[in-house]
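This is what each chain is made of:
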Amino acid sequence: MSSAIARVCLVVAAAILNHPLFFSQENATLPEQDEELLTRMRLHEEQMRTHEERLVREQSMLEEEERSRLESQPQQSEESPDEAYVWYFWSAVSLVVFLAVEVSRVDLANVETWTIEDEEMYPGNGSIGARTLAIDKGLLRQFCDRCLHTLSHENWRVQEFVEGLADNLLESMRNVCNAETRMELGDFLGVGSMFESWKAHKPLTCDLIVPFTLPAPYSFQYHLWCSPASRVPPDLQGFAAIEVNNKNLGAGCVCESVVVGEDVLCLLHSKTTRLEEAERSEEDGLLCSRDTSSLSKDQVMRWFQFSVSKAWGRIAHKYDFELAFHQLDTAGALKVRFRSGKVIVLNLIPAVQLDDTEAYFVSHFPSDTSSTPDTYWPMSLAVYERNLLKHFTRTLPQNPCHLHCLQILTFLHKKQTGLTGESALTDYHLKTVVLHLLVLRRQPSSWGGGFLDQRLRDALAFLQRSLTEKRLHHVLIGNRHLPGELGVPEVFRTAEPVNLFRVFVLQRALYVDTVRHLEEMLRNAPALLQEYTPHLLNGVARSSLDN
């Protein structure tokens, strides 16, 4: 019996030591030259599996022999029941060990492998490490006092102006929609840096999500990327396909049951198609992709832009400034230009709300210039992200440094972009980095104002390592360690994490350019802060930041 117990323990030890949990996944993307190493690892895995199977067979044989011996000598089994209890005890211990390993594997799979104290940044040849970045604490304090505080006061005034303008514009749009399409527009939601109090550079940009709903009897049906049997392609994680359904529709469409010439709104077929006209009008066309029931981003943006134009024409006489489309191919991208020359960019983003949640499927992200299929809508959890920042502002000590840290990161990124050109790195990536650090660093006192230089190095180190690994997970998707009061839908908290840096795995040239951009930003960071701080002290902070 003792030998059988020893063999069981050996099997358990072999299984645990060869469990995937004990192998680092930091370098999940191995270079081509490590193919030989992968082959050796697979061979070793096969050998261990064979060895484990042999041990299991030997254990089974020993158990059979023991059972035969006990059957032939029943009186001995009755005289020594302790041996049976020992066997049951060790079997139970083995089961508990295996269950503990599996539970730990599931929990740790959702925890970021990066730790605050980790000093290994895996920099490239000749690159600078974020940990060794020389940042003067006094210089940072002067930069925040003279620059960021001044911008914060100006941002509040701009935010108040934009909210008043958006209210009037949306009310006019509702009148237009009621008269022509009966589409319903909800109240706007301010998201992004301006409404989260970390905007740090010009031009002043305000992002507003404008949810819209369909008139009866139409409704939306969602096909999420994380739902079972999803129809969303694997390379579009974080997207959804949205179908337009007619609740009263039987075998035919609502427009097929009316008299030709009768005024009826059909979201599945254009009016001109129903009348079999030669040309198709853009205004009275679909919200769906042609000959399908899938909601089309292009069609929605065309409708939205047309509505904004007509709505502004009704109220333009009330204002003493110019309003024009900032980007002709992006709906709701408006530029307000005052007579003084001051410019404010206003992004009205049409969106579809996911049931009763605060998750929205938007037509586009203002900072995203990539092209995606027309019938797949990116998901925005910006409202939850805004609430997460508010949560940390309440729980952190007075005058915390997390927003200043994010402002400095975006300032450095903006200035480096002006020096070396655009890169794939965005302000949203920087915001995600800071949110990850806030979730990981449990001690609120570590975000006090006196730790700004340390947290800035942490953020740059986290970003550098994430870029090296080509992996930066969305902070809210697949993260089970978020505050419970945040209310993120369970379908997103339990989903597989979405890698925001996945594009770098597929596009080598883009990755190289972004790495170079970050290395240059790290190298120039002290000089940029030093260069702009004297201007701030000379009283010309505003013009310095406009450059």
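Parameters at a glance
- Residues numbered from 1 in each chain as written.
- Predicted model: local features only at pLDDT ≥ 70, side-chain atom pairs only at ≥ 80, totals over all residues.
- Heavy atoms only, no water.
- Helix = DSSP H or I, 4+ residues; strand = E, 2+ residues; numbered from the N terminus.
- Contact = heavy atoms within 4.5 Å.
- Areas by Shrake-Rupley, 256 points an atom, 1.4 Å probe, with all protein chains shown as cover.
- Polar contact = N/O pair within 3.5 Å; in protein donor to acceptor, adjacent residues only side chain to side chain.
- Expected span 1.5 Å × (residues − 1).
- Buried < 20%, exposed > 50% of the residue type's maximum accessible area, 1.4 Å probe, protein only.
- Salt bridge = Lys/Arg side-chain N within 4 Å of Asp/Glu carboxyl O.
- Core = buried A, V, L, I, M, F, W, Y, C linked by side-chain atoms within 4.5 Å.
- Axes fitted to C-alpha atoms, helices over the stretch in contact; angles between N-to-C directions.
- Parallel < 35°, antiparallel > 145°, perpendicular 65-115°, else oblique.
- Left-handed = near helix turned anticlockwise from the far one by under 90°.
- Nonpolar A, V, L, I, M, F, W, Y, C, P; charged D, E, K, R; others polar.
- Pairing = 2+ DSSP bridges.
- Disulfide = S-S within 2.5 Å.
- Phe/Tyr/Trp six-rings, centres within 6.5 Å; stacked < 30°, edge-to-face > 60°.
- Lys NZ or Arg CZ within 6 Å of the ring centre and 35° of its normal.
- pLDDT = per-residue confidence, 0-100.

1. Thoughts on the overall build of the protein chain
Per the secondary structure count, the protein chain includes 15 helices and 10 strands. Pairs at least 24 residues apart make up 68% of the contacts formed inside the protein chain by residues separated by at least 6 positions. For the protein chain, the computed accessible surface area is about 28,500 Å², with 52% contributed by carbon and sulfur atoms.

2. A short note on the environment of Tyr-222
Relative to the elements of secondary structure, Tyr-222 occurs in strand β4 (residues 218-224). Put simply, Tyr-222 and Ala-240 are 18 residues apart on the chain and 6.7 Å apart in space, counted from C-alpha to C-alpha. Sequence-distant contacts of Tyr-222, defined by excluding residues within four places in its chain, comprise Ala-241, Ile-242, Val-352, Gln-353, Leu-354, Asp-355 and Phe-361. Within the structure, Tyr-222 has its side chain in polar contact with the backbone oxygen of Gln-353 (distance 2.7 Å).

3. Focus on unusual backbone geometry
Geometrically, the link from Ala-216 to Pro-217 is a cis peptide bond, its omega value of 10° lying close to zero. A positive phi angle, near 50°, is found at Asp-355, a position not held by glycine. Tracing the sequence through the fold places Asp-355 in the loop between β8 (343-353) and β9 (360-362).

4. Here's the deal with helix α11 (residues 452-469)
The periodicity of an α-helix, 3.6 residues per turn, causes residues three or four places apart in sequence to face the same way. For α11, with 18 residues, the first-to-last C-alpha span of 26 Å sits near the 26 Å given by 1.5 Å per residue. Counting buried positions over the 18 residues of α11 gives 16, a clear majority of the element. The first or second residue beyond α11 is Lys-470, which carries a positive phi of 55°.

5. Section: the pattern of salt bridges
Once their charged atoms are close, side chains differing in charge can pair, the charge on each being opposite to the other. If you walk through the whole model with that rule in mind, you get 12 salt bridges. In this structure, Glu-243 engages Arg-231 in a salt bridge whose closest nitrogen and oxygen atoms are separated by 2.5 Å. With Glu-243 in strand β5 (residues 239-246) and Arg-231 in the loop between β4 and β5, the pair connects residues that are 12 residues apart, well separated along the chain. Among the residues examined, Glu-243 registers a relative accessible area of 16% and is labelled buried. Across the pair Asp-458 and Arg-455 runs a salt bridge, and its minimum N-O distance is 2.9 Å. With Asp-458 and Arg-455 both in helix α11, this residue pair falls 3 residues apart, about one helical turn. On the basis of relative accessible area, Asp-458 is assigned to the buried category, the value being 3%. When its relative accessible area of 5% is taken as the criterion, Arg-455 is described as buried.

6. Examining helix α7 (residues 297-315)
For α7, which comprises 19 residues, the first-to-last C-alpha distance of 27 Å matches the rise-based estimate of 27 Å (1.5 Å per residue) to within 8%. Lys-297, Gln-299, Val-300, Met-301, Trp-303, Phe-304, Gln-305, Ser-307, Val-308, Ala-311, Trp-312 and Ile-315 are the residues of α7 that are buried. Between the side-chain oxygen of the N-cap and the backbone nitrogen of Asp-298 there are 3.4 Å, and the N-cap of α7 in question is Ser-296.

7. Here's the deal with the nonpolar core
By size, the foremost hydrophobic cluster in this structure holds 118 residues, and its most contacted members are Phe-212, Leu-295 and Ile-408. Among the elements that line this core, the one with the most residues is helix α5 (residues 137-180), at 14 residues. Ignoring anything within four residues of it in the chain, the contact list for Ile-408 reads Leu-140, Phe-143, Cys-144, Leu-148, Leu-452, Leu-456 and Leu-529. Counting 8 residues, the second largest nonpolar core, distinct from the first, contains Val-191, Tyr-360, Val-362 and Val-383.

8. Section: the packing of helix α8 (residues 382-395) against helix α10 (residues 427-440)
Closest axis-to-axis distance for the α8/α10 pair is 11 Å, and the angle between their directions is 45°. Taken as axis vectors, α8 and α10 run oblique relative to one another. Where α8 crosses over α10, the handedness of that crossing is left-handed. Here Glu-385, Leu-388, Leu-389 and Phe-392 of α8 lie close against α10, whose contacting residues are Tyr-428, Lys-431, Leu-435, Leu-438 and Val-439. Looking at side-chain class alone, the contact of α8 with α10 contains 7 nonpolar, no polar and 2 charged residues.

9. A short note on the pairing of strand β3 (residues 204-213)
For β3, the buried fraction is high: 9 of the 10 residues fall into the buried class. Bridging between strand β1 (residues 184-185) and β3 involves 2 bridges; their strand directions are antiparallel. In the sheet register, Glu-184 faces β3, and the bridge partner there is Thr-213. Pairing of strand β2 (residues 189-191) with β3, which is carried by 3 bridges, proceeds in the antiparallel orientation. Within the sheet, the bridge partner assigned to Val-191 lies in β3 and is Asp-207. Of the pairings in the sheet, the one linking β3 to β8 comprises 8 bridges and is parallel in character. Its bridge partner being in β8, Val-210 is matched across the sheet by Pro-350.

10. With respect to the state of the cysteines
Overall, the coordinates contain 0 disulfides when judged by the stated rule. With no disulfide of its own, Cys-401 lies 6.4 Å from the sulfur of Cys-405, the closest cysteine sulfur. Relative accessible area serves as the criterion here: at 2%, Cys-401 is assigned to the buried category.

11. Description of the packing of aromatic side chains
Applying the stated criterion across every chain yields a total of 14 aromatic pairs. Here Trp-312 and Tyr-319 contribute two aromatic rings whose centre-to-centre distance is 5.7 Å and whose plane-to-plane angle is 25°, an arrangement assigned as stacked. A relative accessible area of 13% means that Trp-312 is categorised as buried. Grouping aromatic residues by their ring pairs yields a cluster made of Phe-161, Trp-312, Tyr-319, Phe-321 and Phe-338. Looking at Lys-470, its charged tip hangs above the ring of Tyr-511, at a distance of 4.5 Å from the centre.

12. Topic: the confidence of the model for the protein chain
Confidence in the prediction for the protein chain averages 77 pLDDT; 69% of positions are at 70 or higher. Within the protein chain, β9 carries the highest mean pLDDT (96), whereas helix α6 (residues 271-274) carries the lowest (42). Every residue in residues 74-79 is under pLDDT 50, and counting partners more than four places away or in other chains gives 2 contacts. Low confidence marks residues 536-544, where pLDDT is under 50. Its contacts with residues over four positions away, or in another chain, come to 14 contacts.

13. With respect to the environment of Gly-487
Following the sequence through the fold, Gly-487 ends up in the loop between α11 and α12 (490-493). With a relative accessible area of 43%, Gly-487 lands in the partly exposed category.

14. Re the packing of helix α9 (residues 402-420) against α10
α10 packs onto α9 with a crossing angle of 150° between their chain directions and a minimal axis gap of 10 Å. One element, α9, and the other, α10, form an angle in the roughly antiparallel class. Seen along the crossing, α9 lies across α10 with a hand that is right-handed. For the pair α9 and α10, contact is made by His-402, Leu-406, Leu-409, Thr-410 and His-413 and by Asp-427, Leu-430, Lys-431, Val-434 and Leu-438, respectively. Of the residues belonging to the contact of α9 with α10, the class tally is 5 nonpolar, 3 polar and 2 charged.

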